[in-house]
Amino acid sequence: MRQGLVWSGLNSLALRVGSLLTGIALARLLAPEDFGVYAIALTTQTVLITLADLGLSADLIRAERPEERAPTVATLCILSSSLLTTLMVLTAVPLATALGSPAAAPVIVVLAFTLVLGGTGVVPYAKLQRDFEQRKLFLVDGCGFAVTTGLSIGLVLLGMGPMALAWARLAAQVVIVVLQFTLARVRPRLGWNRAVARGAVRFGLPLALANTLSWALLNVDTVVVARIYGPVALGFYVLAFNVASWPMSAIGQAIRPVVLAAFARQQHEDPGESLRRAVGLTAAAAAPVGILLAVLALPVVTVLYGERWAPSAAALAGLGAFGGLRIVLDVLATHLIARGAATAVLVTQVCWIVALVPAILAGVTWGGLAGAGWAHLAVGVLFVLPVYLVAIRRSGGRAGDVLGNMWQPVVAMVPAALVAYLVAAQIDGPFTALVVAGSLALLVYAALVARWVRRLARSPQPEAPAALTEVTTLPESVGRA
């Protein structure tokens with residue numbers, strides 16, 4: 001588990017730093033209108049790709065005899081992803097028009113073919129995850145990132161606009177699938193077993209639906225912004241949302257496999273101690289990143305992307321804090337999945353999107369881009385977190401196991417955020433303000449929580465029962481729920 005966390009952390013850190021640098025370069029090469037067009041197409045592809053494997057990769061990871069189930073799962077995944085690819089191609093023009101950007105239609109068509117490629121690679125991807133082969137996954141992701149970055153910049157310089165990003169993403173998906181089969185030492189095999197298919201769909205479908213709703217609720221704001229303010233404002237908002245996703249991308253995706261493995265070892269035991277530790281340490285890492293992104297939104301945007309992207313800072317204020325909260329919510333969802341409560345995760349996603357849609361509409365109408373960001377945070381704190389606490393209680397946990405170790409990092413960030421705000425207000429240059437204010441705030445925060453974090457990390461951990469020697473992880477697409 002420790003080795004897996006190291007490689008997972010290195011993978012997440014390298015990819016996020018690389019994505020940041022690539023995003024900076026592309027932001028200076030592309031106009032906001034181009035970003036908006038690509039964002040519309042990418043939103044469609046991202047929502048559908050969560051359905052491409054029907055949650056069946058999770059079934060392979062948790063199965064006792066995955067080799068016997070793999071051919072049937074591969075067939076199911078190819079069928080479902082091919083159907084979604086066809087649907088995405090046929091609806092590209094009306095969908096792009098409905099979203100207020102007809103120019104996004106050809107981009108949607110190109111991205112559609114990443115769905116069938118993703119479905120093809122489910123079996124080797126699940127095997128790598130099951131075997132804790134994070135080092136090989138690091139190589140796969142690194143090669144995919146290199147292809148995406150090189151082609152994106154090269155094709156943009158050739159004047160292809162948002163289509164450059166789509167073709168680069170498709171080429172990278174081809175490389176990723178080939179490497180997955182090669183490194184997992186798996187040959188493509190198709191087959192059919194009715195009993196296996198029935199059991200796999202029964203297990204995976206709730207997770208697939210939950211992931212689809214998760215992506216929908218995290219992208220419903222882009223639809224609203226596009227319809228009300230157009231592609232220019234959408235470009236500003238998407239950039240802010242991408243920045244606010246750094247905590248989830250860098251921290252959440254690194255710790256998720258290890259957290260799930262720890263929960264899975266104790267899925268039949270009292271979850272109190274492991275849940276308290278996981279939530280506490282996660283909150284300690286997430287709170288400073290999320291809150292400082294909110295407080296220092298303007299210098300972050302202007303330093304990294306330039307003055308013309310300054311309007312994105314209005315949305316980043318609320319979205320930054322929400323980005324930190326997302327990490328904790330992800331840990332709670334991972335705990336429920338490890339306890340076999342996938343349906344509870346699905347129900348939570350349904351409740352979340354029901355509450356978020358009117359909140360986003362009201363926020364965008366009354367507060368513009370900033371209103372959308374604060375709507376995400378308000379719904380997460382006031383509605384989604386309580387729903388998760390109810391689900392945790394029904395799965396054998398206690399609300400106190402979650403809340404008991406969440407408040408310390410948040411309280412410690414209050415004086416740290418105040419220091420960052422006051423110091424940044426006294427410094428003219430955005431780069432100097434970002435470095436000095438951020439550093440001082442982190443020092444204040446570390447001084448307040450360091451002893452508590454050390455004590456929590458050293459607390460005794462319950463022993464896993466001897467029978468539970470098989471530890472599993474879930475793929476990234478499932479963890480996003």
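A brief look at the structure comes next.

**Quick look at the overall build of the protein**
When helices and strands are counted, the protein shows 20 helices and zero strands. Expressed as a percentage of the 481 residues in the protein, the buried residues total 56%. Nonlocal contacts in the protein, meaning residues at least 24 apart in sequence, comprise 84% of its contacts between residues at least 6 apart. In the structure as shown, the protein presents an accessible area of about 20000 Å², 68% of it carried by carbon and sulfur atoms.

**Points about helix H7 (residues 122-130)**
The buried fraction of H7 is high, at eight of nine residues. One or two steps after H7, the chain reaches Phe132, where phi turns positive at roughly 55 degrees.

**Quick look at the environment of Val436**
Relative to the assigned elements, Val436 resides in helix H19 (residues 430-457). For Val436, a relative accessible area of 32% gives the class partly exposed. For Val436 and Ala424, which are twelve residues apart along the polypeptide, the C-alpha to C-alpha distance reads 7.7 Å. Those residues within four positions of Val436 in sequence are excluded, and the remaining contacts are Val423 and Ile427.

**Examining the packing of aromatic side chains**
In total, this model carries three aromatic pairs according to the counting rule given. Measuring from centroid to centroid gives 5.6 Å for Phe236 and Trp309, while their planes differ by 80 degrees, and the two rings are edge-to-face. Within this pair, whereas Phe236 is found in helix H11 (residues 231-244), its partner Trp309 is found in the loop between helix H14 (297-305) and helix H15 (312-338), the two being separated by 73 residues in sequence. With 6.5 Å between their ring centres and 80 degrees between their planes, Phe322 and Trp352 make a pair best called edge-to-face. Taken together, the positions of Phe322 in helix H15 and Trp352 in helix H16 (residues 342-394) put the pair 30 residues apart, joining distant regions of the chain. Trp352 shares its class with Phe322; the two are buried.

**Some details on a nonpolar patch on the surface**
A cluster of nonpolar side chains, namely Phe431, Val435, Val436, Leu440 and Leu443, defines an oily patch on the protein surface of about 440 Å² accessible area. Topologically, Val435 is positioned in helix H19.

**Brief notes about the pattern of salt bridges**
Under the definition given, this model contains two salt bridges. Of the charged contacts, one joins Asp401 and Arg276 as a salt bridge, the two residues approaching to 2.8 Å between their closest N and O atoms. In this pair, Asp401 sits in helix H17 (residues 399-403) while Arg276 sits in helix H13 (residues 272-295), placing the two residues 125 residues apart along the sequence. Relative accessible area serves as the criterion here: at 3%, Asp401 is assigned to the buried category. One salt bridge in this structure joins Arg398 and Asp401, with 3.5 Å as the shortest N-O distance. The class of Arg398 is partly exposed, set by a relative accessible area of 38%. Here the salt bridges do not stand alone but share partners, grouping Arg276, Arg398 and Asp401 into one network.

Parameters at a glance
Residues numbered from 1 in each chain as written. Predicted model: local features only at pLDDT ≥ 70, side-chain atom pairs only at ≥ 80, totals over all residues. Heavy atoms only, no water. Helix = DSSP H or I, 4+ residues; strand = E, 2+ residues; numbered from the N terminus. Buried < 20%, exposed > 50% of the residue type's maximum accessible area, 1.4 Å probe, protein only. Contact = heavy atoms within 4.5 Å. Areas by Shrake-Rupley, 256 points an atom, 1.4 Å probe, with all protein chains shown as cover. Phe/Tyr/Trp six-rings, centres within 6.5 Å; stacked < 30°, edge-to-face > 60°. Patch = residues over 30% accessible without salt bridge, like charges linked within 9 Å, V, L, I, M, F, W, Y side chains within 5 Å. Salt bridge = Lys/Arg side-chain N within 4 Å of Asp/Glu carboxyl O.

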